[in-house]
Amino acid sequence: MLEEQEQKDIAASKKTYQSEETFSLTGKADSNSNTELFAQSLTWVGTLQMKVSAPQVFDTAQEAGFASEDELYIPSDLKKSDKKLLVVEIGITNVDAKCKQYEIDSIGCPAILIDYVLNNSENKSGSKSELAYFSGPPLSQSKDPKKSKNYVWAEPGETIQVRCGYFIDSDTSQKTHMLDLSPDGDLAHTVQVELSSSANTK
């Protein structure tokens, strides 16, 4: 459990980014310090820049252009008929980041687990945006392609594009969706995705 002062410090440091806004995530080396917990929670040291853009809502993954192999773990009791799919494009630029060694040891090469960084979040209405589909450039040196299918990596100076699909409630009157930017909800920064009328169901 986080101490009360730590919780206050974390709450004060949280940031919310907007879609189409380029933002930087700078990871720090692990340490015993209770400062910069968000930076230490990231799986790289150095800076990645990201931008979440082009939000659209689809009735099905097929309509959104996802293939069957793009599906991530989906609970068997989830009723897809009650959901729509919010799809965003994410640009990731590696400024000077190096993957932490434990991630390299696990996957076999530098890697970012995309749903560890950009995961689901509970909105003010109580509804959740749940990451369900992902497509992006595969890791060529992965030890296990099946295990690493939702991992990506950009070399320093490189920019890659990925697409993520999040289940949302079928009521598209909900215009604001929050995506976590952290593996831990206590630490999470967020990206706020606003749906305009043009972003509604295609």
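Residues numbered from 1 in each chain as written. Predicted model: local features only at pLDDT ≥ 70, side-chain atom pairs only at ≥ 80, totals over all residues. Heavy atoms only, no water.

1. Focus on the sheet that holds strand β11 (residues 176–181)
The condition that has to hold: Here the rule is simple: two strands pair whenever DSSP picks up at least two bridges between them. Strands here are runs of E lasting at least two residues and helices are runs of H or I lasting at least four, both read from the DSSP assignment and numbered beginning at the N terminus. The axes are straight lines fitted to the C-alpha atoms, using for helices just the contacting stretch, and the angles between their N-to-C directions are given from 0 to 180°.
An order of β1-β12-β11 is seen for the 3 strands of this open sheet, with the pairing classed as mixed. What marks the edges here is a single partner per strand, and that holds for β1 (16–18) and β11. Neighbour-to-neighbour, the strand axes of this sheet turn through a mean angle of 30°, independent of strand direction. By the bridge criterion, 3 bridges tie β1 to strand β12 (residues 189–194) in an arrangement that is parallel. From the neighbouring strand, Y17 faces β12, where its bridge partner is V191.

2. Focus: unusual backbone geometry
This is how the line gets drawn: Buried, partly exposed and exposed residues are distinguished by accessible area as a fraction of the type maximum, computed with a 1.4 Å probe on protein chains only: under 20%, between the cut-offs, and over 50%, respectively.
Positive phi, close to 75°, is recorded for E20, a residue that is not glycine. Note on placement: E20 falls in the loop between β1 and β2 (23–27). Residue classification places E20 among the partly exposed residues on the basis of a relative accessible area of 46%. Look at A54: it is not a glycine, yet its phi comes out positive at around 55°. Its place among the elements puts A54 in strand β3 (residues 44–58).

3. Considerations on the packing of aromatic side chains
Here is the rule we go by: Pairing of aromatic rings covers Phe, Tyr and Trp, the last through its six-membered ring, and needs centres within 6.5 Å; plane angles under 30 degrees mean stacked, over 60 mean edge-to-face, and all others mean tilted.
Counted according to the given criterion, the structure contains 3 aromatic pairs. Ring plane angle 25° and centroid distance 5.4 Å describe the contact between F66 and Y133, whose orientation is recorded as stacked. Of this pair, F66 sits in the loop between α3 (61–64) and β4 (83–94) while Y133 sits in strand β8 (residues 128–135), and the two are 67 residues apart along the sequence. In terms of burial, F66 and Y133 fall into one category: buried.

Note that every value here comes from positions in space, so none of it alone points to a role or purpose.
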